[in-house]
Structures are given as structure tokens and as C-alpha cells.
Amino acid sequence: MDDQLLQQWVEQISLQSFGWPFLHRARFNKRLHATGGRYFTKSHDIEISWHQWVNYGRDDVEKIIKHELCHYHLHLQKKGFQHRDADFKILLKRVGGTRFCRALPQTRKPIPYRYRLECMNCKAEYYRKRKVDVRKYSCGKCRGKLMSYTLDITKGS
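Bear in mind the structure is a predicted one, so any value in this text is a computation, not a measurement.

*Asks:* I tried to follow the packing of helix α1 (residues 3-18) against helix α3 (residues 58-76) on my own but got confused; where do I start?
*Replies:* Helix packing for two helices is described by the angle between their axes and how far apart those axes are. Close contact between α1 and α3 brings their axes to 10 Å; oriented N to C, the two are set at 65°. Comparing their axes, α3 and α1 come out roughly perpendicular. Seen along the crossing, α1 lies across α3 with a hand that is right-handed. Here Leu6, Trp9, Val10, Ile13, Ser14, Ser17 and Phe18 of α1 come into contact with α3, specifically with Arg58, Val61, Glu62, Ile65, Lys66, Leu69, Cys70 and His73. In the contact of α1 with α3, the residues fall into nine nonpolar, three polar and three charged.

*Asks:* Honestly, the side chain of Ser14 in this entry has me stumped. Any pointers?
*Replies:* Relative to the elements of secondary structure, Ser14 occurs in helix α1. Owing to a relative accessible area of 0%, Ser14 belongs among the buried residues under this scheme. With near-sequence residues (within four places) excluded, Ser14 lies in contact with Gly19, Trp20, Pro21, Phe22, Leu69 and His73.

*Asks:* Please explain the environment of Tyr113 as it appears in this structure.
*Replies:* As for its position among the elements, Tyr113 is in the loop between α4 (86-95) and β4 (115-119). Separated by 15 residues in sequence, Tyr113 and Arg128 place their C-alpha atoms 5.5 Å apart. Apart from the residues within four sequence positions on either side, Tyr113 is in contact with Tyr127, Arg128, Lys129, Leu151 and Ile153.

How each quantity is defined
Residues numbered from 1 in each chain as written. Predicted model: local features only at pLDDT ≥ 70, side-chain atom pairs only at ≥ 80, totals over all residues. Heavy atoms only, no water. Axes fitted to C-alpha atoms, helices over the stretch in contact; angles between N-to-C directions. Helix = DSSP H or I, 4+ residues; strand = E, 2+ residues; numbered from the N terminus. Parallel < 35°, antiparallel > 145°, perpendicular 65-115°, else oblique. Left-handed = near helix turned anticlockwise from the far one by under 90°. Contact = heavy atoms within 4.5 Å. Nonpolar A, V, L, I, M, F, W, Y, C, P; charged D, E, K, R; others polar. Buried < 20%, exposed > 50% of the residue type's maximum accessible area, 1.4 Å probe, protein only.

Structure follows, in C-alpha cells:
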């Protein structure tokens with residue numbers, strides 16, 4: 001599926017499920033990983049996660065499109081279009097959209113901890129992936145000074 005077919009599909013879903021036309025642009029975005037889609041309030045365009053299409057197919061993406069179209073149509077009607085608004089929840093339920101998309105399979109390896117901070121007073125340990133300036137922070141349990149140690153990530157410490 002390409003952006004042109006997605007555009008036609010979104011226009012078709014809009015007319016069938018909502019009874020209102022979709023007059024703006026719909027496209028896939030390959031950078032969306034944590035969300036299924038998004039609606040832009042300034043341009044009124046909709047982006048759909050390419051990864052949702054590849055991993056879960058037509059049925060799940062159709063529910064995501066309905067979700068984004070709820071934002072779209074409610075915003076244009078000057079009604080509550082945010083997730084917390086009653087108008088949004090009612091319309092989403094009526095058209096059969098999904099509130100949340102399915103999580104994508106994990107493609108990246110988690111970064112191991114590279115630094116261990118240790119309190120000089122109570123010996124509490126804190127693990128961090130990024131380097132921390134220990135002069136700016138203190139122990140969360142006893143307010144003692146912290147000492148930083150670099151871990152050897154090849155051994156999996």
C-alpha cells in the first residue's frame with residue numbers, strides 16, 4: 001500500500017463510518033513507532049504508522065484511521081476532539097475505532113546500564129545508562145554523596 005491508496009481508503013472510511021468527507025491529506029510515516037497515527041490540528045492532515053500496517057495489517061490500521069478521523073471531524077466541528085473529551089469517546093465507540101494501538105514487536109536491543117552510582121553513606125545503588133554529574137545529585141534515601149563507577153558492558157555486569 002502506498003500513500004495514494006491510503007488517501008483513498010481514508011476518504012472512503014470517512015464517508016462510510018462518519019458520513020462526512022475527508023478533505024485533507026493522509027500519508028504513511030515510517031518514523032512512527034510508539035503511536036499508531038497522529039492528527040495535525042493546524043494542517044488537518046493525518047499520518048499513519050507504516051509499521052502498524054506491516055505488522056498488523058488492514059483491520060488494525062482501519063481502527064487507527066477511525067481514531068484519527070474522530071480527532072479530525074470533531075476538531076473541524078469545534079467539539080471536544082481530545083482523548084479525554086466525552087465527544088471523542090462517544091464518537092470513537094460509535095464508529096468502532098480503537099483507543100490504543102497494539103504495541104510493535106521489539107526491534108532494538110535494550111541498552112545495558114553503563115554506570116553504577118553508589119551512596120557513600122548508606123551504600124544504596126543506582127544504575128544509569130547515561131553519565132551523571134555526581135556533584136549535582138545526592139542519594140534519594142539519605143541525601144549522602146554519590147560515587148560513580150563505569151560498568152564493563154561486555155561482561156554484562
